[in-house]
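Tertiary structure, described
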Amino acid sequence: MRCACLPLESLLAPWMSLRRTEEAESLPEVPEVYRARYSALPAAQPLPPLLVLALSQASPGVPVRREQAFRRSRTNFPNHFLHSASQGQDALGEAVYYFEADGEGVVQRVFVFWPLGVLLEGPPNFCHGGCGASLLDDAFGAFTNTRLRSMGLSGQAVTAYLHVDYKAPTPLPGAAVCAATLDRVEGRKVFVRGELLVQKPDGTLQASMEANALFVELKEGFASMKK
Ligand SMILES: CCCCCCCCCCCC(=O)SCCNC(=O)CCNC(=O)[C@H](O)C(C)(C)COP(=O)(O)OP(=O)(O)OC[C@H]1O[C@@H](n2cnc3c(N)ncnc32)[C@H](O)[C@@H]1OP(=O)(O)O
């Protein structure tokens with residue numbers, strides 16, 4: 001029987017090599033809600049097949065729209081550790097963020113695609129658990145802050161706790177999609193849940209990690225955070 005899984009080269013290329021090109025290109029305008037942290041995908045950058053698969057599985061029959069996909073801005077926050085120190089050949093590749101919003105424009109879900117290189121190892125040939133937790137925290141932060149902004153709120157919330165259950169090893173080299181959505185809101189407290197999805201040899205997706213987190217919207221924003 002023919003294997004339905006995607007060849008590794010199609011998962012990783014060209015996202016490993018398409019880094020830091022946004023400054024050289026004139027890219028489409030990004031909606032205000034996303035603009036502070038994200039920029040449009042370069043015209044030459046296709047949507048990663050694993051991301052499309054995860055979206056199709058999450059919302060069967062709903063078209064995948066390229067204008068809902070972004071990459072992290074290189075100019076506004078250049079020191080984010082997942083998008084600076086952790087990226088490089090055989091480490092993290094270029095992430096693609098895909099936001100889903102409802103009819104009122106309120107963000108309901110985010111999916112974040114990451115190429116994973118061999119330098120992210122924990123157990124031999126598998127991803128370090130702390131790396132996976134960081135990717136989930138980033139996706140949860142992207143979801144929470146963008147959702148808050150889409151509701152006209154500050155969009156300035158930080159992780160109070162993050163609980164991760166490791167359900168299966170995450171293979172390297174490979175790729176993953178972090179999916180995050182709302183659990184519930186209690187005042188300034190935003191409870192988020194999600195998973196890190198990888199592709200099994202038979203082509204199906206499995207959650208190698210499941211997580212839930214509490215984000216707290218800061219009373220006076222990031223500027224009030226004291227050293
Ligand atoms: C423009 C683009 C920029 C873009 C920038 C985007 C950044 C995204 C961030 C990415 C994610 C991160 O890595 S963030 C970095 C890691 N996180 C941090 O450094 C946060 C450190 N912790 C803190 O600063 C603080 O503890 C806070 C902000 C979380 C909470 O302090 P606070 O604001 O004074 O609020 P506080 O009264 O203590 O708590 C509020 C409510 O939350 C509950 N609560 C607080 N912590 C917990 C907890 N661990 N477990 C259970 N419940 C908790 C309290 O019981 C209370 O419930 P009740 O009594 O009201 O019911």
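Residues numbered from 1 in each chain as written. Predicted model: local features only at pLDDT ≥ 70, side-chain atom pairs only at ≥ 80, totals over all residues. Heavy atoms only, no water.

The protein carries the name Acyl-coenzyme A thioesterase THEM4 in an unreviewed UniProt entry, which gives Polarella glacialis as its organism. According to the UniProt record, the Sequence similarities (unreviewed entry) comment for the protein reads "Belongs to the THEM4/THEM5 thioesterase family." (UniProt positions renumbered as here; feature names shortened; annotations may be inferred.)

**Notes on the UniProt feature "domain: Thioesterase" (unreviewed entry) in the protein**
Under the local residue numbering, the UniProt record ascribes the feature "domain: Thioesterase" (unreviewed entry) to residues 125-199. Note that residues 125-199 is 29% helix and 45% strand, and that its end C-alpha atoms are spaced 15 Å apart. (Helix = DSSP H or I, 4+ residues; strand = E, 2+ residues; numbered from the N terminus.)

**Considerations on the side chain of His83**
Mapped onto the elements, His83 comes out in the loop between β2 (69-72) and β3 (96-101). Judged by relative accessible area, which is 3%, His83 ranks as buried. Of note is the side chain of His83, whose polar atom sits 2.8 Å from the side chain of Tyr97. (Buried < 20%, exposed > 50% of the residue type's maximum accessible area, 1.4 Å probe, protein only. Polar contact = N/O pair within 3.5 Å; in protein donor to acceptor, adjacent residues only side chain to side chain.)

**Some points on the nonpolar core**
The biggest cluster of nonpolar side chains holds 41 residues, and the ones touching the most others in it are Phe99, Trp114 and Leu135. Going through the elements one at a time, β1 (38-40), β3, β4 (107-116), α4 (129-150), β5 (157-166), β6 (174-186), β7 (189-199) and β8 (205-217) are the ones with two or more residues in this core. It is α4 that provides the largest number of residues to this core, a total of nine residues. Beyond its immediate stretch of four places on either side in the chain, Phe99 contacts Tyr34, Tyr38, Gln68, Phe70, Val107, Arg109, Val110, Ala142 and Thr146. In this structure, Ala69, Val96, Phe111 and Ala175 belong to the second largest nonpolar core, which totals 17 residues. (Core = buried A, V, L, I, M, F, W, Y, C linked by side-chain atoms within 4.5 Å. Contact = heavy atoms within 4.5 Å.)

**Observations concerning the layout of surface pockets**
In this structure, the largest pocket occupies an estimated 500 Å³ of space. Every element with two or more residues in the lining of the largest pocket is listed here: α4 and β5. Examining the composition of the lining of the largest pocket, we find that eight residues originate from one element, α4, more than from any other. When grouped by side-chain class, the residues that make up the lining of the largest pocket number nine nonpolar, ten polar and five charged. (1 Å grid on protein atoms, 1.4 Å probe; cavity = no way out; pocket = protein on both sides within 12 Å on 5 of 7 lines; lining within 4 Å. Points joined across faces, edges and corners; volume = space filled by probe spheres on them. Nonpolar A, V, L, I, M, F, W, Y, C, P; charged D, E, K, R; others polar.)

**A short note on helix α3 (residues 49-58)**
Those residues of α3 not exposed but buried are Leu50, Leu51, Ala54 and Leu55. Viewed along the axis of α3, the buried residues span an arc of 135°, placing them on a single side of the element. (Arc of directions from axis to C-beta.)

**Considerations on α4**
The first and last C-alpha atoms of α4 sit 31 Å apart over 22 residues, in line with the 32 Å expected at 1.5 Å per residue. A large share of α4 lies buried, amounting to 17 of its 22 residues. Backbone geometry just after α4 places Gly152 at a positive phi near 80°. (Expected span 1.5 Å × (residues − 1).)

**Considerations on unusual backbone geometry**
Pro173 follows Leu172 through a cis peptide bond whose omega is -15°. Although it is not a glycine, Asp90 adopts a positive phi angle of roughly 70°. Locating Asp90 in the fold gives a position in the loop between β2 and β3. For Asp90, a relative accessible area of 36% gives the class partly exposed.

**Details of the site of the ligand**
Inspection of the region around the ligand gives 15 residues, with Arg37, Asp137, Thr159, Arg188 and Lys189 positioned closest. In the model, a nitrogen atom of the ligand is placed 3.0 Å from a nitrogen or oxygen of the Thr159 main chain. Here a nitrogen atom of the ligand and a backbone polar atom of Ala160 are 3.3 Å apart. In isolation the ligand exposes 1,300 Å². Once the protein is present, 51% of that is buried. Where the shell around the ligand is concerned, the elements lending two or more residues are α4, β5 and β8. Top element by residues in the shell around the ligand is β5. It accounts for four residues. When the residues that make up the shell around the ligand are grouped by side-chain class, the tally is nine nonpolar, two polar and four charged. (Near = heavy atom within 4 Å. Areas by Shrake-Rupley, 256 points an atom, 1.4 Å probe, with all protein chains shown as cover.)

**Description of the packing of aromatic side chains**
If you walk through the whole model with that rule in mind, you get six aromatic pairs. Between Tyr38 and Phe99, the aromatic rings sit 5.2 Å apart at their centres with planes inclined by 65°, giving edge-to-face as the arrangement. With Tyr38 in strand β1 and Phe99 in strand β3, this residue pair connects regions lying 61 residues apart in the sequence. Across the pair, Phe99 and Tyr38 agree in class, each one buried. When the ring of Phe70 is compared with that of Phe99, the centres are 6.1 Å apart and the planes differ by 50°; the resulting orientation is tilted. Linking Phe70 in strand β2 with Phe99 in strand β3, this pair joins segments that are 29 residues apart in sequence. Like Phe70, the residue Phe99 is buried in the burial classification. Through pairs of rings, three or more aromatic residues link up here, namely Tyr34, Tyr38, Phe70, Tyr97 and Phe99. (Phe/Tyr/Trp six-rings, centres within 6.5 Å; stacked < 30°, edge-to-face > 60°.)

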